[in-house]
Amino acid sequence: MENNREELESKAKVLQAADSIMNCETVALDEEKKAVVIIDQTKLPGRTEFLRLESAQEIWDAIYLLKVRGAPAIGVAAAFGIYVLADRMETADYDCFLKEFQKQKEFLDSARPTAVNLSWALNRMESVVLAGQNKSVAELKELLRREAIAIKEEDIRVCRAIGEYGLTLLKPGDGILTHCNAGQLATCKYGTATAPIYLGQERGYHFRVFADETRPLLQGARLTSYELYAAGVDVTLICDNMSAAVMKNGWVNAVLVGCDRVAQNGDVANKIGTSVVAAVAKRYQVPFYVCAPTSTIDMDTPTGVDIRIEERPAEEVTTMWYRERMAPEGVRVFNPAFDVTDNDLIAGIVTEYGIARAPYRESLQEIFRKKKAAAEAKP
Ligand code: MRU
C-alpha cells in the first residue's frame, strides 16, 4: 500500500515536471537581456534547468555539448545566437559589421558538422546582411532580429504540417517505433517524427510507441520517452538492440525518425543506429519513414557518402552515465554520432510540402518546386 502510494507520488512528480517542460520553449530569445535561453537538455529528465547564453563561446559550447540539440533546435539557437552577437557589435560601418558577422558565423558553424540546419540558419541570417548593403547597421540589426524570430515561427508551422502529412500514413492503434529524439525538445514545438504522434494523440488514435534508448547519449530514454510520457502517449522504452525483437513480434506498423541531413538522392543522415533500425524494418516489412523539414534537405550534397559524420569523444561510450568506467582503459573506441540510411530502405520522406517517395532525386526536387511556388504565392 505504502509502496503503491510512493510510486503514484513519484509518477505524478515526473508527469508534472515533464508537463511543465512541454509548456516551456526549447529555445527562446531574451530580447531585453540580449541572450539565447535554452532548456539544458543534458540535465533532463532529472533536472529542469534553463541556460542563458550570451557569448559566442557559450553558444558554441551549448551546441557542441548537446545542451541544445536536434537539427531544427540547433538551427534556431544559431539564428538567435548570431543575432545576439551581431546586436552587440559596436561599429556603424557596413564592411566592418559584415566582416565581424562572418567571423562569428563561421565560428558558430563549426560547432557541429552533420546537422545542416546549423549552416542553413546561419546562411539565412547572413543573406539578410548581404542584401542590406544600403541599410544602416541599426536597421540590419532589426532585420536580423525579425529573421531569427521568423525561423523559429516557421519551425513550429513546418513541424505541424509534417505531423498532418505523417498522420496520413498511420491508422488508429498503430505501433510506432522511433529512434533518438526528433521530438518537441529537438524543435520548437511538436517535433518532426513525433508530430504525427502528438496530432494522433489529440485525435484519439491511441498509438503504441516504442522509443529506442539511443546509445551512447540516451536521447531516446532521457528525452523522447520523457516527453511522450508527459503527453500521455502509450510509450515503451527499449534498448537499441531490442528493435528487431519488437518488430518480429509484429508490434510495429511504422518506423518514424527525424534526420540531420538528407542528400539529393534521398540518403539520410540521422542519429547513429538509425540505419540498423531501417535494415531491420525492411527485413520485417515495416515501412520506415523519415520526417524532414525542407531546412534539413541539402540539395547541394549529392549522396550520403558526401555527408560529413561527426565523431565524438570516446568517454561518451566508456564512462558517461556509468558510476565507474565500463571499458578497459586505453581500448580503441569508434563513436560516430550519426549514420547514413541508404535511400532504398526508406519508404517515404515526410516534409512540410508532402511526402517524397523514390526516386528521391525527382521527388525532392518536386518538394522544392512546391516550396518555391508557395513562397511566390505569398502576398
Ligand atoms: O546528436 P543529436 O541529439 O543532436 O542528434 C539528433 C538526431 O539525430 C535527431 O534524430 C535529428 O536531429 C532529428 S531532430 C527533429
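Residues numbered from 1 in each chain as written. Predicted model: local features only at pLDDT ≥ 70, side-chain atom pairs only at ≥ 80, totals over all residues. Heavy atoms only, no water.

1. Concerning the sheet that holds strand E7 (residues 254-257)
Okay, step 1: Read across the open sheet, the seven strands follow the order E6-E5-E4-E7-E10-E13-E14; overall the sheet is mixed. Strand pairing shows two members of the sheet lacking a second neighbour, strand E6 (234-238) and strand E14 (354-356), which therefore form its edges. Taking the axes of each pair of neighbouring strands and ignoring which way they run, one obtains an average angle of 25° across the sheet.
Okay, step 2: Where strand E10 (residues 288-291) meets strand E13 (residues 348-351), three bridges bridge the pair, whose relative direction is parallel. Considered in E13, the bridge of Val290 is made with Ile349.
Okay, step 3: Here helix H8 (residues 219-230) sits on the sheet in contact with strand E4 (175-178), strand E5 (208-212) and E6, set at roughly 170° to E6. (Pairing = 2+ DSSP bridges. Helix = DSSP H or I, 4+ residues; strand = E, 2+ residues; numbered from the N terminus. Axes fitted to C-alpha atoms, helices over the stretch in contact; angles between N-to-C directions. Contact = heavy atoms within 4.5 Å.)

2. Concerning the packing of aromatic side chains
Okay, step 1: Counted according to the given criterion, the structure contains five aromatic pairs.
Okay, step 2: An aromatic cluster is present here, built from Trp60, Tyr64 and Phe107 joined pairwise through their rings.
Okay, step 3: Over the ring of Tyr190 we find Lys189; its NZ or CZ atom is 5.5 Å from the centre of that ring.
Okay, step 4: Its end group placed over the ring of Tyr64, Arg312 keeps NZ or CZ at 4.7 Å from the ring centre. (Phe/Tyr/Trp six-rings, centres within 6.5 Å; stacked < 30°, edge-to-face > 60°. Lys NZ or Arg CZ within 6 Å of the ring centre and 35° of its normal.)

3. Description of the nonpolar core
Where a protein is soluble and globular, its nonpolar side chains tend to be buried together.
Okay, step 1: Counting residues in hydrophobic clusters, the biggest one holds 44 residues, and the most contacted among them are Val27, Met125 and Leu144.
Okay, step 2: Listed by contribution, the elements that provide at least two residues to this core are strand E1 (27-30), strand E2 (35-39), helix H2 (56-64), helix H3 (71-87), helix H4 (94-109), helix H5 (116-130) and helix H6 (137-167).
Okay, step 3: If one sorts the elements of this core by residue count, H3 sits on top with 13 residues.
Okay, step 4: When near neighbours in sequence (up to four residues on either side) are disregarded, Leu144 contacts Tyr83, Ala86, Phe97, Phe101, Met125, Val128 and Val129.
Okay, step 5: Of all hydrophobic cores here, the second largest spans 34 residues; its members include Met22, Leu44, Leu169 and Leu223. (Core = buried A, V, L, I, M, F, W, Y, C linked by side-chain atoms within 4.5 Å. Buried < 20%, exposed > 50% of the residue type's maximum accessible area, 1.4 Å probe, protein only.)

4. Side note on the packing of H3 against H6
Okay, step 1: The contact between H3 and H6 brings their axes to 9 Å, and the two run at 170°. Accordingly, the angle class assigned to the pair H3 and H6 is roughly antiparallel. The way H3 lies across H6 gives a crossing that is left-handed. Together, Pro72, Val76, Ala79, Phe80, Tyr83, Ala86 and Asp87 of H3 and Lys141, Leu144, Arg145, Ala148, Ile149, Ile151, Lys152 and Asp155 of H6 make up the contact between the two elements.
Okay, step 2: Among the residues forming the contact of H3 with H6, the class breakdown is ten nonpolar, no polar and five charged. (Parallel < 35°, antiparallel > 145°, perpendicular 65-115°, else oblique. Left-handed = near helix turned anticlockwise from the far one by under 90°. Nonpolar A, V, L, I, M, F, W, Y, C, P; charged D, E, K, R; others polar.)

5. Some thoughts on the site of the ligand
Okay, step 1: Around the ligand, the surrounding shell holds 18 residues, and the nearest of these are Arg69, Arg112, Asp260, Asn270 and Lys271.
Okay, step 2: Within the backbone of Gly70, one N or O atom sits 3.1 Å away from an oxygen atom of the ligand.
Okay, step 3: In this structure, Asp260 approaches the ligand through a side-chain N or O atom, which is 2.8 Å from an oxygen atom.
Okay, step 4: When the ligand sits alone it has 410 Å² of accessible area, and the protein chains cover 100% of it.
Okay, step 5: A breakdown of the residues in the shell around the ligand according to their chemical character gives eight nonpolar, six polar and four charged. (Near = heavy atom within 4 Å. Polar contact = N/O pair within 3.5 Å; in protein donor to acceptor, adjacent residues only side chain to side chain. Areas by Shrake-Rupley, 256 points an atom, 1.4 Å probe, with all protein chains shown as cover.)

6. Regarding the pairing of E2
Every regular strand shows the same layout, with side chains that alternate between the two sheet faces.
Okay, step 1: For E2, the buried fraction is high: five of the five residues fall into the buried class.
Okay, step 2: Burial of E2 is two-sided: the residues Ala35, Val37 and Ile39 facing one way and the residues Val36 and Ile38 facing the other way are all buried.
Okay, step 3: Note that E1 and E2 share four bridges and pair antiparallel. When the sheet's bridge partners are listed, Asp30 is paired in E2 with Ala35.
Okay, step 4: Two successive antiparallel strands, E1 and E2, enclose a turn made up of four residues, where Lys34 displays a positive phi of approximately 50°.
Okay, step 5: In this structure, E2 lies alongside strand E3 (residues 50-53), joined through four bridges in antiparallel fashion. Bridge pairing in E3 places Ile38 opposite Leu51.

7. Description of the sheet that holds E1
Okay, step 1: Within the open sheet, the three strands sit side by side as E1-E2-E3. Their pairing is antiparallel. Edge positions in the sheet fall to E1 and E3, since each of these pairs with one other strand and no more. Each strand of the sheet is rotated relative to its neighbour by a mean of 25°, with strand direction disregarded.
Okay, step 2: Of the strands in this sheet, E2 and E3 touch H2, which is tilted by about 140° from E3.

8. Observations concerning the confidence of the model for the chain
Okay, step 1: Residues at a pLDDT of 70 or more form 97% of the chain, whose mean pLDDT is 95.
Okay, step 2: Across the chain, the element-wise mean pLDDT spans from 69 in helix H1 (residues 2-22) up to 99 in E10. (pLDDT = per-residue confidence, 0-100.)

9. Focus: the packing of H3 against H4
Okay, step 1: Relative orientation of the contacting elements H3 and H4 amounts to 145°, with a least axis distance of 10 Å. Relative to H4, H3 is oriented so that their crossing is right-handed. Facing Ala78, Gly81, Ile82, Leu85 and Ala86 of H3, the residues of H4 in contact are Phe97, Phe101, Gln104, Lys105 and Leu108.
Okay, step 2: By residue class, the composition of the contact of H3 with H4 is seven nonpolar, two polar and one charged.

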